[in-house]
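Listed below, chain by chain, are the residues.
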Amino acid sequence: MNQFFTLLVNGLSLGCIDALIALGFVIVFKATRVVNFAYGSLLLLGAYVVGSTHESLGFAGAALLGVAVTAVLAVLLGVVLLRRARLADPGTLAILTLGIDILLATELTRRIGTDLLTTGDPWGADVVSLAGIQVPQTRVAAAVVAVVLVTGFLAVVKFTDWGIALRASAEKPATAALMGIRLSRVAASAWALAGALAATAALFFTAFPSPGISGTVGQAALAAAVPAAVLGGLDSTTGALVGGLAVGVTATFAAGYQDQLAFLGRGFGTVAPYVVMLLVLLARPSGLFGSKEIARV
Amino acid sequence: MSDRTKFPLRIVGALAGVLLLLAAPLSLESFWLQTGLFAMAAVIGAVGLTLLVGVTGQLSLGHAFFVAVGAYGYAFLAGSSDGDVVGVGLPPAVATVGAVVLAGVAGALFSPIAGRLRGIYLGLASLGLVFAGQHILQNATAVTGGFNGRDAAPFRLFDFSFTATDPELIIFNVPYGALERLWYLGLLLVAVAVWYARNLLRGRPGRALVGVRDSEAAAAVMGVNVRRYKAAAFTVSSAYAGLAGVLLALAFGRIVPESFGFLLSVDLLAMIIIGGLGSIGGAAAGAVFVIALPLVLNHYSDALPFLAQPGEAGIGAAEAARLLYGAAILAVLLYLPGGLAQLTHRISAKESRHEQTTAGNGDSTSPHVDRV
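Sequence order as written defines the numbering, with residues in each chain counted from 1. Whichever chain is written first becomes A and whichever ligand is written first becomes 1, with later ones labelled in order. Only residues with pLDDT of 70 or above have their local features reported here, since the model is predicted, and side-chain atom pairs are shown and tallied only from 80 upward, although totals for entire chains, interfaces and linings are computed over all residues.

Chemist: For this particular structure, what's the right way to read the overall build of chain A?
Modeler: For helices the rule is a DSSP run of H or I covering at least 4 residues; for strands it is a run of E covering at least 2, with both sets numbered from the N terminus onward. Looking only at helices and strands, chain A features ten helices and two strands. Scanning chain A from its N terminus toward the C terminus, one meets helices and strands in the order α-α-α-β-β-α-α-α-α-α-α-α. For the radius of gyration, the atoms used are the C-alpha atoms, and the globule rule reads 2.2 Å times the number of residues raised to 0.38. For 297 residues, the compact-globule formula gives about 19 Å, and the C-alpha radius of gyration of chain A, at 19 Å, lands near that figure. Taken along its principal axes, the extent of the C-alpha atoms in chain A is 55 × 50 × 35 Å. Counting other C-beta atoms within 10 Å of each residue's C-beta, where C-beta atoms are placed from the backbone, gives the exposure class: buried for 20 or more, exposed for 12 or fewer, partly exposed between. Counting all 297 residues of chain A, 51% fall into the buried class. Within chain A, counting contacts between residues at least 6 apart in sequence, those at least 24 apart form 76% of the total. Residues are defined as contacting one another if the C-beta atoms placed from their backbone atoms lie within 7 Å.

Written out as structure tokens, the structure reads:
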């Protein structure tokens, strides 16, 4: 039973990181209908900036710089893509982001090389014990940051003008534009937010117990974001949160009980979220909270 | 075929191309033959994928999985049980057909999901196949050999073996080894694949698939069974991927899970984008470009001064190839949305305008390039 609760708490804390990653993925899709395959590389960029500057700037300074750089680059990407966004269908735009991902990931991986950078975070490898449940300190910090950010984000979406603009342009872009909402600004801010979220998530995604910052971090992050975002529903922020938590818990449980799940093969933890995603999609083709397409044939 | 003057010229050109391809093993060294074989496998896979993505409008990021089913299916069906891996030991030709069928069945099994999902959801769901596939390849060691992979039995047709010996074959003083022999097998498979795809597009099913892409509702009103056609497109496309897998397995000789990851899916998509969605010739051209670029850059990295040697700082051949290839995707999507196919159409359209013909682009094989 103790193992169960340990896994549950660890899974939820991992899920918080996954939810942050998925949230950035979903915001861009919601605002612009672009599936952002460059998201993993953006996260890698954030991690790389932090990893290469934390010795001179300190952790906090490096983290801020990483968030800023990633957000700026995300906006630039968004602006370049948006020039074309009205003409192209989502599939083409997705492949465009794949092209960007290849460029960015190749260059960053080359720069990182075979070194294993660390984020230099203050928590290190310390572990917190709570009622017999052991959780790494980084995960506690991740959970706190995630809860604060997500609550803040939801409040902003609910109460501010920007939030209303975002929701309106996601609902009916043409009507929103007629109401005086500048779609390009909403989109650019969504990209900026996504970049900032990616860099924030990178801080925790690459911290203990993960080995550190290597070239494969981007792919791993994307591999976590996709099932989380899809099973929650691509255009639902609530879905991203639920999906992120579900992915974190699923992966942790599959890894924790791998002796009992040995018949499914080793390393089932990485695949389990995708299996869950496919099962959810079979029942609900637009994910748990995604808006359904009305056209029925 | 608007202008009669150009028609024989085109036939002559095509014949010359075929003759060149047939004679190629006489003069090419093994590096080029190997590259050519990989390119042929990629052409088959890309043509299959463009039938699905370009013609039917169903995005798939999961084709690496079906290629793997073909490759490992062949290795399993044609291989014999020795050591850690098991095999059925069928004749290779039968195993090839079996592997293609197996990949088709895998596609059909996925079609309940494929038929229900639309657009980007389908693409992302099919991504799940790649990860699931990697997991299976790593763990089903009896069939796949696990991380270290397994050997693919050399191809053999009756008494003719596609290896260096048995029977020994020397043509114009060139010893015909495994690569030279496989070259012809690859050409044959590519020809069959392209021919079948063209026929499929020209006929009733092709029109139905285009209808499904352009508007599911409209297609349904016209009497197209949308779900069935989507499933069929997925099945045919996966069978193509399976055939590509078989050829890939033969060209590699030994297959490992790493070759069938997400990157292969991206490569296949990049091929059909660069070539022009929905165009068969474009898919083939894109496949050759994507496959040959890294291999050629790598091969000539000594001679290219701007490339760093392994171990040096700077941009190496592999990285340069990936950067070029990423840039090519961006350039095509941003500036040439119809891909390479659009380029040739533009040229031929200009020519026909020049010659004052009225038929316009009547010889266009892909009426859908305008879509991207």
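Chemist: Got a minute to help me understand the overall build of chain B in this structure?
Modeler: Assigned secondary structure in chain B consists of 14 helices and six strands. Here chain B holds 372 residues, and 48% of them are scored as buried. In chain B, of all internal contacts separated by at least 6 residues, the share reaching a separation of at least 24 is 77%.

Chemist: Explanation requested: unusual backbone geometry in the structure shown.
Modeler: Most of the time, phi is negative for any residue but glycine, and the peptide bond is trans. The phi torsion at Arg33(A) lies on the positive side, around 65°, for a residue other than glycine. Inspection of the secondary structure assignment puts Arg33(A) in the loop between helix H1 (2-32) and helix H2 (39-85).

Chemist: Help me understand the confidence of the model for chain B, please; the structure alone is not making it clear to me.
Modeler: Caution is warranted with low-pLDDT regions, since their predicted coordinates should not be read in detail. All names here are of chain B. Taken residue by residue, chain B gives an average pLDDT of 80. The fraction at 70 or more is 86%. Mean pLDDT across the elements of chain B ranges from a minimum in helix H14 (residues 339-354), with 68, to a maximum in helix H3 (residues 63-78), with 91. Between residues 356-372, whose pLDDT stays under 50, and residues either more than four places distant or in other chains, the model counts 32 contacts. Predicted complex, confidence summary: ipTM 0.82, pTM 0.84. On a scale of 0 to 100, pLDDT captures the predictor's confidence in every residue.

Chemist: Would you mind going over the interface of chain B and chain A with me for this structure?
Modeler: Frequently, the measure chosen for interface size is the accessible area that the parts lose on association. Contact with chain B, which involves 37 residues of that partner, is made by 37 residues of chain A. Secondary structure elements with two or more residues in the side of chain B that touches chain A: helix H4 (92-116), helix H5 (119-139), helix H9 (216-221), helix H11 (262-275) and helix H13 (317-335) of chain B. The leading source of residues in the side of chain B that touches chain A is H5(B), at 13 residues. The residue classification treats Ala, Val, Leu, Ile, Met, Phe, Trp, Tyr, Cys and Pro as nonpolar and Asp, Glu, Lys and Arg as charged. All others, Gly included, are polar. For the side of chain B that touches chain A, the per-class residue count stands at 25 nonpolar, seven polar and five charged.

Chemist: How should the environment of Gly15(A) be read in this particular structure?
Modeler: All names here are of chain A. Here Gly15 lies in helix H1. What makes Gly15 buried here is the crowd of 28 C-beta atoms within 10 Å. For the pair Gly15 and Ala143, spaced 128 residues apart in the sequence, the C-alpha separation amounts to 8.6 Å. Leaving out residues up to four positions away in the same chain, Gly15 has contacts with Gly244, Leu245, Val247, Gly248 and Val249.

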